[in-house]
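Listed below, chain by chain, are the residues.
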Amino acid sequence: MDSASDAPIKSLRPADREPNIAAGLQQVSATEARLSSVTLKDSSSRDGEDRVPSNGSLPADFYDAGEEIEAEDEEAPPSVAAAPEGSFEGDIAWRDGQGMDGEAPPSPSSSGYAGERGSSGDSSGIVEESDGSGGVSQVDWDKGKQRLHENMQDDASVSWRKRKKHFIILSHSGKPIYSRYGDEHKLAGFAATLQAIISFVENGRDRLKCVRAGKHQVVFLVKGPIYLVCICCTEEPYESLREQLELLYGQMLLILTKSIDRCFEKNPKFDMTPLLGGTEAVFSSLIHSFGWNPATFLHAYTCLPLAYSTRQAAGAILQDVADSGVLFAILMCKHKVISLVGAQKATLHPDDMLLLANFILSSESFRTSESFSPICLPRYNPMAFLYAYVQYLDVDTYLTLLSTNSDAFYHLKDCRIRIESVLVKSNVLNEVQRSIMEGGMHVEDLPVDSSLRSGSASNHLGMGRSEPVLVPQSGSGGPAGLWHFIYRSINLDQYVSSEFSSPLNNFSQHKRLYRAYQRLYASMHDQQTGPHKTQYKRDEDYVLFCWITQDFELYAAFDPLADKAQAIKTCNRVCQWVRDLENEIFLFGGSPFSW
Amino acid sequence: MASRRRMLLKVIILGDSGVGKTSLMNQYVNKKFSNQYKATIGADFLTKEIQVEDRLFTLQMLILPFLQIWDTAGQERFQSLGVAFYRGADCCVLVYDVNVVKSFDNLNNWREEFLIQASPSDPENFPFVVLGNKIDVDGGNSRVVSEKKAKAWCASKGNIPYFETSAKEGINVEAAFECIAKNALKNEPEEEIYLPDTVDMAGSSRLQSSSSGCEC
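Residues numbered from 1 in each chain as written. Chains lettered and ligands numbered in written order. Predicted model: local features only at pLDDT ≥ 70, side-chain atom pairs only at ≥ 80, totals over all residues. Heavy atoms only, no water.

Trainee: I keep staring at the state of the cysteines and nothing clicks. Help me out?
Mentor: One covalent bond between the sulfur atoms of two cysteine residues makes up a disulfide. With the rule as written, the count across this model stands at zero disulfides over all chains. Note on Cys546(A): no disulfide assigned, nearest cysteine sulfur contributed by Cys571(A) at a separation of 9.5 Å. Overall, Cys546(A) belongs to the buried group, its relative accessible area being 0%. The structure places no disulfide on Cys179(B), whose sulfur is separated from the nearest cysteine sulfur, that of Cys91(B), by 7.6 Å. (Disulfide = S-S within 2.5 Å. Buried < 20%, exposed > 50% of the residue type's maximum accessible area, 1.4 Å probe, protein only.)

Trainee: How should the sheet that holds strand β5 (residues 216-223) of chain A be read in this particular structure?
Mentor: Strand-to-strand pairing in sheets goes through backbone hydrogen bonds, with the strands running parallel or antiparallel. Residue and element names in this part refer to chain A. Spatially, β3-β2-β6-β5-β4 is the arrangement adopted by the five strands of the open sheet, whose pairing is antiparallel. In this open sheet, the two strands that pair with only one neighbour each are β3 (176-179) and β4 (210-213). Strand after strand, the sheet turns through a mean of 15 degrees between neighbouring axes, direction not considered. Relative to strand β6 (residues 226-232), strand β2 (residues 165-171) runs antiparallel, the two being bridged by seven bridges. Residue Ile168 lies in a different strand from β6, and its bridge partner there is Val229. Packing of helix α9 (residues 280-289) onto the sheet brings it into contact with β2 and β3, and relative to β3 it is tilted by some 50 degrees. (Pairing = 2+ DSSP bridges. Helix = DSSP H or I, 4+ residues; strand = E, 2+ residues; numbered from the N terminus. Axes fitted to C-alpha atoms, helices over the stretch in contact; angles between N-to-C directions. Contact = heavy atoms within 4.5 Å.)

Trainee: Whenever I open this one, the sheet that holds strand β13 (residues 494-497) of chain A confuses me. Can you help?
Mentor: All names here are of chain A. Taken together, five strands build an open sheet; the order of strands is β13-β12-β16-β15-β14 and the sheet is antiparallel. With one partner strand each, in any of the chains shown, β13 and β14 (534-538) form the two edges of the open sheet. For this sheet the average axis-to-axis angle between neighbouring strands, irrespective of direction, equals 10 degrees. The pairing of β14 with strand β15 (residues 543-548) spans five bridges and is classified as antiparallel.

Trainee: What's the story with the packing of aromatic side chains in this structure? I'm lost.
Mentor: Aromatic rings in a pair are described by how distant their centres are and how their planes are angled relative to each other. Residues and elements named next belong to chain B. Taken as a whole and judged by the stated rule, the model has 30 aromatic pairs over all chains. Each ring, one from Tyr86 and one from Phe114, has its centre 5.8 Å from the other, and the planes form 65 degrees; the classification is edge-to-face. Of this pair, Tyr86 sits in the loop between β5 (76-80) and β6 (91-97) while Phe114 sits in helix α3 (residues 107-118), and the two are 28 residues apart along the sequence. An identical accessibility class is assigned to Tyr86 and Phe114; each is buried. (Phe/Tyr/Trp six-rings, centres within 6.5 Å; stacked < 30°, edge-to-face > 60°.)

Trainee: Looking at this model, I keep getting lost on the environment of Gln550(A). Mind explaining?
Mentor: Residue and element names in this part refer to chain A. As for its placement among the helices and strands, Gln550 is situated in the loop between β15 and β16 (552-558). Note on Gln550: relative accessible area 74%, which makes it exposed. Each C-alpha atom, one on Gln550 and one on Ser489, is 9.3 Å from the other, the two residues being 61 residues apart in sequence.

Trainee: Can you help me understand the UniProt feature "domain: FUZ/MON1/HPS1 third Longin" (unreviewed entry) in chain A in this one?
Mentor: Within this structure's numbering, the places UniProt gives as "domain: FUZ/MON1/HPS1 third Longin" (unreviewed entry) are residues 481-580 of chain A. This span, residues 481-580 of chain A, is 35% helix and 30% strand, and a straight line between its end C-alpha atoms measures 22 Å. (UniProt positions renumbered as here; feature names shortened; annotations may be inferred.)

Trainee: Is there a simple way to explain the confidence of the model for chain A in this structure?
Mentor: Close reading of the predicted structure is inappropriate where its pLDDT is low. In this model, chain A carries a mean pLDDT of 76, and residues with pLDDT of at least 70 account for 68%. Low confidence marks residues 129-144 of chain A, where pLDDT is under 50. Its contacts with residues over four positions away, or in another chain, come to 45 contacts. (pLDDT = per-residue confidence, 0-100.)

Trainee: How should the domain arrangement of chain A be read in this particular structure?
Mentor: How large an interface is tends to be reported as the accessible area lost when its parts come together. All names here are of chain A. Here the domain parsing of chain A yields domain 1 (159-290), domain 2 (301-438) and domain 3 (479-585). Put simply, the middle of domain 1 and the middle of domain 3, counted by C-alpha atoms, are 32 Å apart. On the domain 3 side, the residues contacting the nine residues of domain 1 number five residues. Note on domain 1 versus domain 3: buried area summed over both sides is about 580 Å², and carbon and sulfur give 48% of it. Our count for the domain 1 to domain 3 interface comes out at one salt bridge. Residues Glu236 and Arg515 are paired through a salt bridge, measuring 3.4 Å at the closest nitrogen-oxygen approach. Its residues assigned to classes, the side of domain 1 that touches domain 3 shows two nonpolar, four polar and three charged. (Domains from an automatic or database assignment. Buried area = accessible area lost by both parts, 1.4 Å probe. Salt bridge = Lys/Arg side-chain N within 4 Å of Asp/Glu carboxyl O. Nonpolar A, V, L, I, M, F, W, Y, C, P; charged D, E, K, R; others polar.)

Trainee: Would you explain the pattern of salt bridges in this entry?
Mentor: Opposite charge on two side chains permits pairing when their charged atoms draw close. Scanning the entire structure with this criterion turns up 23 salt bridges over all chains. Bridged by salt links that share partners, the residues Glu370(A), Lys413(A), Arg416(A) and Glu420(A) form one connected network.

Trainee: For this particular structure, what's the right way to read unusual backbone geometry?
Mentor: Trans is the common state for peptide bonds, and a negative phi is the common state for residues other than glycine. Residue Pro503(A) follows Ser502(A) across a cis peptide bond; omega there is 5 degrees. Look at Asp54(B): it is not a glycine, yet its phi comes out positive at around 70 degrees. One can find Asp54(B) in the loop between β2 (44-52) and β3 (55-63).

Trainee: Just to check I follow, could you spell out the UniProt feature "domain: FUZ/MON1/HPS1 first Longin" (unreviewed entry) in chain A for this structure?
Mentor: Sequence positions flagged by UniProt for "domain: FUZ/MON1/HPS1 first Longin" (unreviewed entry) are, in local numbering, residues 165-286 of chain A. Taken end to end, residues 165-286 of chain A has its terminal C-alpha atoms 13 Å apart, with 40% of it in helix and 25% in strand.

Trainee: In this structure, what is going on with the nonpolar core? I would like to understand it.
Mentor: Soluble globular proteins tend to bury their nonpolar side chains together. Ile260(A), Met272(A) and Leu377(A) are the most contacted members of the largest nonpolar core, which has 89 residues in total. A per-element tally of this core places helix α7 (residues 238-256) of chain A first, with eleven residues. If we ignore the near neighbours within four places in the chain, the residues touching Ile260(A) are Met252(A), Phe270(A), Met272(A), Leu275(A) and Tyr194(B). The next biggest cluster of nonpolar side chains, apart from the first, holds 31 residues, and it includes Leu9(B), Val19(B), Tyr28(B) and Ala184(B). (Core = buried A, V, L, I, M, F, W, Y, C linked by side-chain atoms within 4.5 Å.)

Trainee: What is the right way to look at the confidence of the model for chain B in this model?
Mentor: Residue and element names in this part refer to chain B. In the predicted model, chain B carries a mean pLDDT of 81, and 77% of its residues have values of at least 70. This model gives residues 204-216 a pLDDT under 50, and the stretch forms 34 contacts once residues within four places in sequence are excluded. The complex model carries a pTM of 0.77, and its ipTM stands at 0.79.

Trainee: I would appreciate a short explanation of the environment of Leu327(A) in the present structure.
Mentor: With respect to the secondary-structure elements, Leu327(A) resides in the loop between α11 (308-322) and β7 (328-333). Sequence-wise, Leu327(A) and Gly342(A) are 15 residues apart; in three dimensions their C-alpha atoms are separated by 5.7 Å.

Trainee: Is there a simple way to think about the packing of helix α1 (residues 21-30) of chain B against helix α5 (residues 173-186) of chain B in this case?
Mentor: Each packed pair of helices is defined by two parameters, the angle between the axes and the distance between the axes. Residues and elements named next belong to chain B. In contact at an axis separation of 10 Å, α1 and α5 are set at 90 degrees when each is read in the N-to-C sense. On the basis of their axis angle, the class for α1 and α5 is roughly perpendicular. Contacts between α1 and α5 involve Leu24, Gln27 and Tyr28 from the former and Val173, Glu174 and Phe177 from the latter. When grouped by side-chain class, the residues that make up the contact of α1 with α5 number four nonpolar, one polar and one charged. (Parallel < 35°, antiparallel > 145°, perpendicular 65-115°, else oblique.)

Trainee: How should I be thinking about the pairing of β15(A) in this particular structure?
Mentor: It is a general feature of regular strands that their side chains alternate between the two faces of the sheet. All names here are of chain A. Of all six residues in β15, five are buried, a share of seventy percent or more. Hairpin remark: β14 followed by β15, antiparallel, with four residues in the connecting loop. In textbook terms, the turn of a hairpin is the stretch between consecutive antiparallel strands, and for β15 and β16 this stretch comprises three residues.

Trainee: So what exactly am I meant to see when it comes to the pairing of β4(A) here?
Mentor: Residues and elements named next belong to chain A. Bridging between β4 and β5 involves four bridges; their strand directions are antiparallel. When the bridges of β5 are listed, Val211 appears paired with Val218. Turn length for the β4-β5 hairpin, with the two strands adjacent in sequence and antiparallel, is two residues, and the turn residue Gly214 shows positive phi of about 60 degrees.

Trainee: Looking at this structure, I do not really get the environment of Ala557(A). What am I missing?
Mentor: Residues and elements named next belong to chain A. Looking at the element boundaries, Ala557 is found in strand β16. Classification of Ala557 by relative accessible area gives buried; the value is 0%. Along the primary structure Ala557 and Ile486 are separated by 71 residues, whereas in three dimensions their C-alpha atoms are 9.0 Å apart. In contact with Ala557, not counting residues within four places along its chain, are Gly481, Leu482, Trp483, His484, Leu513, Tyr517, Tyr542, Val543 and Leu544.

Here is the structure:
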């Protein structure tokens, strides 16, 4: 993708598109100017590098490939320990893992992630990027990809094959568009093979959904002229992987809209990679979020915990500007919503919010100055662009104003100035910072019985902790062995997730838990056998409990030795606790959500 | 001004079985030749990167398998795997064996087969290249199709570039594929502005009509 970006190209490239209009500069018609000619930042031309031909052959080589990966796959020793050791913690683990990218790390266990099968000491295993906390900057993504460029060639290279989870986007003529790992051009043969497989099945008037080969799954998603493929050995359910491909497609639409289909209708040879130039980090960051952001499988968003009055104050000023022709006004802190407001009848889907937040957070340029950029909200209208005005108000908090008017820059800028001054005056931004410091719900703070509930409810979330109701045993989480929970309000399409605490200490453990939730979610929502109401499951890692009613879904993880009756009782208390705090953890009223 | 980005070219290679399509590709990509004949069962895909006139190209080459079938008259026919493989092809290479008349006579069928399946927007000017392979065999003594005859056919089909090659000796193979890239450079479409619609508020969140938009 950046391979294509070593030249100025004449095209509207809404993606990289230098979204920053330095305040007051060649604006207004700036959009047009920006659209008609954009010079790409040259991402270190790799022209001189050795090119190893990539060869593929169907079907023989395809299966060969599968077997080869199989052969390299580790037999992870069954995990006995309830809390598997991670070699590194949090951020460090990821950075270290990243450092080894593409060099076939000698020890995958030291890259942190040991799959769903517990800890592993095997040194020849398939590596999954052991990517750290969610707040990793875009620079790190780019670095990861560049390292790969330096070191690895194509589908024939061992380091490429060792990757645990591939995402590849290609066109219906078999031309690669995006690959999570490796150089798209060098994967041309592989992409052609994938296209051949898809087309072969389509010729029989059938549709290819999934191929299994040992531990590997190859999941296909065909969206008109765009083919999306995930190849992985992470034991995630097919449904989850397909939804991840849907989100990846949605991210592409957010950058280009579905009008891209018409380019392929006119010209099957159409090469869309130049249009996506510079957006690599957006895709990498989305794929990374599949491992840590529950919004990707819950299809709900989450709010930053705030006092009701604080959120109201933010909502009021957003509502004010929404009435002046702004389609959506969204105030967010990282991936969490502070407040949002939509024009009359306009509805915003949680998936669109996820993709928009990912787009903004993963594009470094938004951080440095105010920006005005065309974007598409695929669930709102996949065919057309909106215009997004984005400005960071502090290091984590950013305001997004969406308009249908390409000349709205100055108006939105004025709106932002008004909003910002109100937010500062009413102390909202300070409250936001305070909330970040204090964190959300901690399982240790779960009120032990109903008599204490009212007291806890009157506190801000973080304040109850100065005098915890139940002193947690060291390393054992909350009462009754409660480690973590996610509560999703169905009516609000919002969820709240407890903070991670001991013994879920590092990113690989978080990711493992999310994968377990994801499987739980998939099995609860199984089309054939479900939907189900409750599930209680004990394995060597956790006791997992899921409870779905008309109003909410609760996902909870306990110590594997937790008592079942106690666990169920605790889940009831969690639900009550969430309801007691709902004014602080959810966004109510004036909500444009109506799906 | 032509853009400087790397171009990916999809190249379809067609011709009778045994004329040396796979050998040519192997010679070109891997600099290897084997005397042993192996029919291409699945589709063969190879990638090769080349630099022509300061531009970097990735050639995505496909040799398609053809299922041999016999019609009611006992005549051998080929059935292709279908239209999808041809989709978006940038160039088609037709290969025949200079020592086998039938493989030359069939060039016309292959060319038509390609035009039907790929249905390019401008069939008259679609870039083909013809390769007369195996010129090394028996020192050229067993040759039955003359260069003159081949060139005449190429001229009659809109001046298709013609190369005489030997996959075994590696003669002319590089030049042939370089020509493919040069052809593509000539036919490179101008980068046009991609301009989708903007949401029209009058229509609220309804889907917009798709009249204007992508100008590619």
